[in-house]
Amino acid sequence: MLSSPTLNVITKAVHKAARGVVRDFGEVDKLQVSKKGAQNFVTNADLRTEKILVEELQHARPKYSFLTEESGIIEGEDKKNRFVIDPIDGTTNFIHAIPYISISIAWQKLNDKGEWESEVGVVYDPIHDELFAAERNNGAFMKNMRLRVSERKEDYLLSTSSPRKWREGNVKLDMLQRAVDFGAIVRCSGSAALDLAYVAAGRLDGTWYHRLSAWDMAAGALIVREAGGSVGAIEGGLESQERGSIVAANQHVFGKLQTLLKEAA
């Protein structure tokens, strides 16, 4: 079981913020579900959640910097350590009261090459009270259970984002078609961070996203790696945390999936 001081700090912050998320989730189910009616409510929920997380983490690590979905870069005295935060990953699910959302936080350090590396990652599902966590070189866990990616070699279950007209939909449709032709069952779940955690837990055999930001993948990618999975960019090599693509899967699926997605892209 993991128990580093920074992980404990993140876990405490996540659980405090999650109380409001669960309350807000119950309220959004009562709203008239329309783009105009629910969007402002969810935006406010995002902002409140982020505020709680930043305040809690700043109290414990006052010099650290931050990269958050809502506020962007928050410069601290310490430029070599930062928290990367997605307060509610899966806002479309939230708007429609679909219980597949997550809070994602990573602690990253700047290495000698000037690259950010995740040292601790936490993805928390507040609706089902499941916390997926990993520390670099110390494994990945959910509660007291060590996480391991699946060993499945066929009948793959994968997840990705749904194609949208304004999000390079044709590229995503081509990738989706390639995955189906590959023999996979494909879901569009709506939370990239939680999809990555599910890959680590063996619930999904793989996932891919054509474009993500650091807060979407920083924690989840570490959790997959520490659970024995492989993570990289669709184009090959390591995933980029600056609006980059990502593919993550078990060892049997990863190479084949990355290749066919690269061909489609």
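Each value, and the rule that gives it
- Residues numbered from 1 in each chain as written.
- Predicted model: local features only at pLDDT ≥ 70, side-chain atom pairs only at ≥ 80, totals over all residues.
- Heavy atoms only, no water.
- Salt bridge = Lys/Arg side-chain N within 4 Å of Asp/Glu carboxyl O.
- Helix = DSSP H or I, 4+ residues; strand = E, 2+ residues; numbered from the N terminus.
- Buried < 20%, exposed > 50% of the residue type's maximum accessible area, 1.4 Å probe, protein only.
- Contact = heavy atoms within 4.5 Å.

Caption draft 1: Summary view of the pattern of salt bridges. Enumeration over the complete set of coordinates arrives at nine salt bridges. One salt bridge connects Arg-48 with Asp-24, and the closest N-O pair in it is separated by 2.7 Å. On the criterion of sequence distance, the pair formed by Arg-48 in helix α2 (residues 35-60) and Asp-24 in helix α1 (residues 5-28) is long-range, its members being 24 residues apart. Across the pair Arg-136 and Glu-119 runs a salt bridge whose closest N-O atoms are separated by 3.5 Å. Here Arg-136 is found in the loop between β6 (130-135) and β7 (139-142), whereas its partner Glu-119 is found in strand β5 (residues 116-125), with 17 residues between them in sequence.

Caption draft 2: Inspection of the environment of Lys-80 at higher detail. Summarising the element assignment, Lys-80 is placed in strand β3 (residues 78-89). For Lys-80, a relative accessible area of 55% translates into the label exposed. Separated by 137 residues in sequence, Lys-80 and Met-217 place their C-alpha atoms 19 Å apart. Not counting residues within four places of it along the chain, the set of residues in contact with Lys-80 comprises Gln-108, Lys-109, Leu-110 and Trp-116.

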